[in-house]
Amino acid sequence: MLETGSPAPDVVLEDTDGQAVRLSDYQGNHAVLIYFMRSTSCPVCNRHVQDLIRRRDELAADNVRVLVAVPEDRQAAAEWKAKRQIPFPVLTGRHSTPHEMIGLSRKVFGSLQQSGSILLDSQGIIRQAHGATMPTSGYHRKAITAAVQALRTRG
């Protein structure tokens, strides 16, 4: 898992339209919160995404862009995004999962994909990083809120 305070790697992901998305594309403009779902079929992860949707105006007011990363392929991600009416970019990996690119692995003999989140400031520095094997722990709302509030004082 990535370390708080370190520069984010410039991973290249793909959105549901097949367009490349680089984390560095946001540098100098916006902070970025990426939520890594265990899977699009995970009910707990879907509740976490619904919380992000409810909080999107609050996060946008703090100049934070939300991205959702899923381990499925682009077609499955696009279907999920359309069905759930997800307003955020939904990202997949081009050659591996987005999760593998940042160190969220599969645990319990490869049966459970870890979930988690990272918050990057507008300079591409990781300000919050959290990963968990159980999906109930993969979205740490209080830590994300505290990290976003800390961005205001750094700003």
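Everything below is about the structure shown above.
Residues numbered from 1 in each chain as written. Predicted model: local features only at pLDDT ≥ 70, side-chain atom pairs only at ≥ 80, totals over all residues. Heavy atoms only, no water.

Trainee: Can you lay out the overall build of the protein chain for me, pointing to particular residues and giving the numbers?
Mentor: For the protein chain, the count of helices and strands is five helices and nine strands. Secondary structure elements of the protein chain occur, N-terminal to C-terminal, as β-β-β-α-α-β-α-β-α-β-β-β-β-α. Referenced to the eigenvectors of the C-alpha coordinate spread, the extents of the protein chain come out at roughly 40 × 30 × 30 Å. Scored against the burial criterion, the 155 residues of the protein chain give a buried share of 46%. Expressed as a percentage of contacts within the protein chain between residues at least 6 apart in sequence, the contacts between residues at least 24 apart total 62%. About 7,600 Å² of surface is accessible on the protein chain, with carbon and sulfur atoms providing 47% of the total. Averaged over its 19 positive side-chain charges, the protein chain has a centre that lies 6 Å from the centre of its 15 negative ones. (Helix = DSSP H or I, 4+ residues; strand = E, 2+ residues; numbered from the N terminus. Buried < 20%, exposed > 50% of the residue type's maximum accessible area, 1.4 Å probe, protein only. Contact = heavy atoms within 4.5 Å. Areas by Shrake-Rupley, 256 points an atom, 1.4 Å probe, with all protein chains shown as cover. Lys, Arg positive; Asp, Glu negative; His and termini not counted. Charge placed at Lys NZ, Arg CZ, Asp CG, Glu CD.)

Trainee: Please provide a residue-by-residue account of the packing of aromatic side chains, values included.
Mentor: For the coordinates displayed, the defined rule picks out one aromatic pair. Look at tyrosine 35 and tyrosine 139: their rings are 5.7 Å apart centre to centre, the planes differ by 75°, and that puts the pair in the edge-to-face class. One end of the pair, tyrosine 35, is in strand β3 (residues 31-36); the other, tyrosine 139, is in the loop between β9 (126-132) and α5 (141-154), with 104 residues separating them in the sequence. For the residue pair tyrosine 35 and tyrosine 139, the accessibility class agrees, reading buried in each case. (Phe/Tyr/Trp six-rings, centres within 6.5 Å; stacked < 30°, edge-to-face > 60°.)

Trainee: Can you tell me about helix α3 (residues 74-84), naming the residues and giving the values?
Mentor: Backbone nitrogen of glutamine 75 and a side-chain oxygen of the N-cap are separated by 3.3 Å at the start of α3; the cap is aspartate 73. Positive phi shows up at glutamine 85, right after α3, with a value of about 55°. (Polar contact = N/O pair within 3.5 Å; in protein donor to acceptor, adjacent residues only side chain to side chain.)

Trainee: Any details on the pairing of strand β8 (residues 115-120)? Residues and values, ideally.
Mentor: Across the six residues of β8, six count as buried, placing the element largely inside the fold. Side chains Ser115, Ser117 and Leu119 of β8 all project onto a buried face; the interleaved residues Gly116, Ile118 and Leu120 project onto the opposite face, where all are buried too. Where β3 meets β8, five bridges bridge the pair, whose relative direction is antiparallel. Across the sheet, the residue bridging to phenylalanine 36 is glycine 116, located in β8. As defined by bridge partners, β8 adjoins β9 across six bridges and the pair is classed as antiparallel. Within β9, the position partnered with serine 117 by the bridge is histidine 130. (Pairing = 2+ DSSP bridges.)

Trainee: I'd like a rundown of the sheet that holds strand β5 (residues 90-93), residues and numbers included.
Mentor: Taken in spatial order, the seven strands line up as β2-β1-β5-β4-β3-β8-β9 in an open sheet, and their pairing is mixed. Strands at the two margins of the open sheet, each flanked by one partner only, are β2 (20-22) and β9. Shown here is a sheet whose adjacent strand axes are inclined to one another by a mean of 30°, direction ignored. Running at roughly 160° to β3, helix α1 (residues 43-54) makes contact with β3 and β4 (64-69) of the sheet. Relative to β5, α3 is tilted by about 165°, and along the sheet it contacts β1 (12-15), β4 and β5. (Axes fitted to C-alpha atoms, helices over the stretch in contact; angles between N-to-C directions.)

Trainee: For the nonpolar core, give the residues involved together with the corresponding values.
Mentor: With 26 residues, the main nonpolar core has Leu33, Met37, Val49, Leu52, Val64, Val68 and Trp80 as its most contacted residues. Of the residues forming this core, the biggest block, five residues, is contributed by α1. Discounting residues that sit within four places of it in the chain, valine 49 has contacts with Tyr35, Met37, Val68, Trp80 and Ile86. Counting residues in hydrophobic clusters, the runner-up holds 17 residues, among them Ile34, Phe36, Ala69 and Leu120. (Core = buried A, V, L, I, M, F, W, Y, C linked by side-chain atoms within 4.5 Å.)

Trainee: Account for the pattern of salt bridges, naming residues and giving values.
Mentor: Tallied over the full model, the rule gives eight salt bridges. A salt bridge links aspartate 51 to arginine 55; its shortest N-O distance comes to 4.0 Å. Accessibility expressed as a relative area gives 11% for aspartate 51, which makes it buried. A salt bridge links glutamate 58 to arginine 55; the shortest N-O distance between them is 3.3 Å. We classify glutamate 58 as partly exposed; its relative accessible area is 40%. Salt bridges linked by common partners bring Asp51, Arg54, Arg55, Glu58 and Arg141 together as one network. (Salt bridge = Lys/Arg side-chain N within 4 Å of Asp/Glu carboxyl O.)

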